[in-house]
Amino acid sequence: MLFPSRKHILPSVILGLIVMQTGCSNLPIQISVPAYRMVDSEATAQTQALLENLYRLRGNHLLFGHQDSLAYGVQWFGGNDDRSDPKSITGSHAAVFGWDIGELELRGTETLDGLYIGYLKEWIKDAYKAGGVNTISWHMTNPASGESSWSKGDIVSRLLPGGDMHNRLTWFLDAFVKFNEDLKITLANGEEQYVPIIFRPWHEHTGDWFWWGKGNTREEDYIALWRFTVEYLRDEKHVHNLIYAYSPDRSRIDLDHFEEGYLYGYPGDDYVDVFGLDNYWDLGHPANTLPEETQRENFKRSLQSLVELANKHNKLPAFTEGGQETVPDAEFWTGRFLEGFLANDTSRQIAYAMVWRNASRKRENRDHFYAAYPGHSSARDFKKFYKHPFVMFLDELPDMYRMPLKNN
Ligand code: BMA
């Protein structure tokens, strides 16, 4: 299942040396890497290198990501090695590969979206071997009811240490620990490496749609859940290939009070590496009745506020999830999406941007997709987006897993 190696690799000079000028959005900008501290001080060398290199690329490049990209697309499902909708249009896969492990905790053979778990492990390893970046979210089943992550009920306090259902939480987390044990590759020299993962648990908690979200649980319980998750994986299970991403949902954050809204449920600087934002809202979400111009402005504002806050906390800013469902706007990619990131030298500092999955029409019998696919009305503009020097797909990524020299 291994797909061919990258077409060309940018010289390592990209990582930290392109420093010329500030103040003009069209020229490379100089941004120093902040004095950040990883949540996991024992993170593997490759995991450390990944975070460092994301920091070094930010400001001059935006890594494009796509959820479930290798598993299926609008016109196909599974069984197609080395295929993705982005690649079918541009010739390259996305740089960031998003995956969701919902229902892994039930110990079946498939995830909630029908991905065979055996294949999922291979796709993650393939993406790593090809130089890509993997990120994992988790639509975790409600441990109390056995229903989906969208079911409600005030259960988080019962899952915490001392709670009557605490064992259920650890049993669920153990499924990930076991899965992660298989995310290992062996090099020619016999060295074993765990695939570094940007782990994004308990996402969109500012919304009320998941059982861990606002309104279903108390803020302090959410914080305790996050901290427990980190401590359990890192300290008890000795998982050391994770970069921890926090990702509130933009629709429930008031842009006039971004900091306050964003930091609802924030577990603290010691527990977060990436300041993410999930944003469908400002990109034409059907429930957003604001005029398009206002939405465009709000999109820029959301990115700018995210970067400002991330910089204040020495964290990496990322657009962790979002997009425009079915992409009705033919110029969406360069006209609306990229425009937001390129708005100014602050918004440019978002490290990567991941759009959600391209559900297979045949399998799911609906139009639920966020990247272009061959024949789609935005495919032309998607290609333009791919070619833009600011945007990086897999074929342009430098080696993200080798630590660059410091003080470059
Ligand atoms: C949602 C939708 C669902 C899917 C879930 C987990 O946003 O795409 O259809 O099951 O994500 O991937």
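The structure displayed is predicted, hence computed values, not measured ones.

To continue, consider helix H11 (residues 379–387). All buried positions along H11 are accounted for by Ala379, Asp381, Phe382, Phe385 and Tyr386. Projected down its long axis, H11 shows its buried positions confined to an angular sector of 160°, all on one face. Away from the buried face of H11 by more than 90 degrees, exposed residues Arg380, Lys384 and Lys387 are located. Residues of H11 that are buried in the fold lie against strand E1 (62–67), helix H2 (85–90), helix H9 (332–341) and strand E13 (391–392).

In this section: the pairing of strand E9 (residues 242–246). Within E9, 5 of the 5 residues are buried, leaving the element largely enclosed by the surrounding structure. With burial as the criterion, each face of E9 is covered, one bearing Leu242, Tyr244 and Tyr246 and the other bearing Ile243 and Ala245. Judged from the 3 bridges that link them, strand E8 (residues 197–200) and E9 form a sheet pairing that is parallel. In the strand pairing of E9, Ile198 is matched with Ile243. Of the crossover connections in this fold, the one passing from E8 over helix H6 (residues 219–236) to the parallel E9 is right-handed.

Among the nonpolar cores identified, the biggest contains 121 residues, and Leu63 and Phe337 are the most heavily contacted of them. Beyond its immediate chain neighbours, meaning those up to four positions away, Phe337 contacts Leu283, Phe299, Phe319, Phe332, Ala353, Val355 and Phe385.

Let us look at the site of the ligand. Around the ligand, the neighbouring residues are Leu112, Asp113, His139, Trp150, Trp356, Arg357, Arg366 and His368. Contact between the ligand and Arg366: an oxygen atom at 2.8 Å from a side-chain N or O atom of the residue. Between His368 and the ligand, the recorded distance is 2.6 Å, taken from a side-chain N or O atom to an oxygen atom. Isolated, the ligand exposes 310 Å² of accessible area, and the fraction of that covered by the protein chains is 81%. Here the residues of the shell around the ligand are counted per class, giving 3 nonpolar, 2 polar and 3 charged.

This part takes up the packing of helix H8 (residues 292–312) against H9. H9 packs onto H8 with a crossing angle of 35° between their chain directions and a minimal axis gap of 8 Å. The handedness of the crossing between H8 and H9 is right-handed. Within the contact between the two elements, H8 uses Glu292, Gln295, Arg296, Phe299, Lys300 and Leu303 and H9 uses Gly335, Arg336, Phe337, Glu339, Gly340 and Phe341. Looking at the contact of H8 with H9 residue by residue, the classes come out as 4 nonpolar, 3 polar and 5 charged.

Its 16 residues give helix H5 (residues 166–181) an end-to-end C-alpha distance of 23 Å, which sits within 8% of 22 Å, the value for a rise of 1.5 Å per residue. Those residues of H5 not exposed but buried are His166, Leu169, Thr170, Phe172, Leu173, Ala175, Phe176, Val177, Phe179 and Asn180.

Before going further, it helps to spend a moment on the pattern of salt bridges. Throughout the structure, instances matching the rule amount to 27 salt bridges. Put simply, Lys87 and Asp82 hold a salt bridge, and the shortest N to O gap is 2.8 Å. In this structure Asp82 comes out as partly exposed when scored by relative accessible area, which is 22%. Between Asp113 and Arg357 there is a salt bridge, with its nearest N and O atoms 3.7 Å apart. Taken together, the positions of Asp113 in the loop between strand E4 (96–100) and helix H3 (117–129) and Arg357 in the loop between strand E12 (352–355) and helix H10 (361–364) put the pair 244 residues apart, joining distant regions of the chain.

A few words on the packing of aromatic side chains. For any pair of aromatic rings, geometry is given as the distance between the ring centres together with the angle between the planes. Tallying each qualifying case throughout the model produces 47 aromatic pairs. Ring centres 5.1 Å apart and planes at 85° place the aromatic pair Trp211 and Trp212 in the edge-to-face group. The class for Trp211 is buried, based on a relative accessible area of 0%. What makes Trp212 buried here is its relative accessible area of 0%.

How each quantity is defined
- Residues numbered from 1 in each chain as written.
- Predicted model: local features only at pLDDT ≥ 70, side-chain atom pairs only at ≥ 80, totals over all residues.
- Heavy atoms only, no water.
- Buried < 20%, exposed > 50% of the residue type's maximum accessible area, 1.4 Å probe, protein only.
- Helix = DSSP H or I, 4+ residues; strand = E, 2+ residues; numbered from the N terminus.
- Arc of directions from axis to C-beta.
- Contact = heavy atoms within 4.5 Å.
- Pairing = 2+ DSSP bridges.
- Right-handed = clockwise from strand over helix to strand, strands pointing away.
- Core = buried A, V, L, I, M, F, W, Y, C linked by side-chain atoms within 4.5 Å.
- Near = heavy atom within 4 Å.
- Polar contact = N/O pair within 3.5 Å; in protein donor to acceptor, adjacent residues only side chain to side chain.
- Areas by Shrake-Rupley, 256 points an atom, 1.4 Å probe, with all protein chains shown as cover.
- Nonpolar A, V, L, I, M, F, W, Y, C, P; charged D, E, K, R; others polar.
- Axes fitted to C-alpha atoms, helices over the stretch in contact; angles between N-to-C directions.
- Left-handed = near helix turned anticlockwise from the far one by under 90°.
- Expected span 1.5 Å × (residues − 1).
- Salt bridge = Lys/Arg side-chain N within 4 Å of Asp/Glu carboxyl O.
- Phe/Tyr/Trp six-rings, centres within 6.5 Å; stacked < 30°, edge-to-face > 60°.

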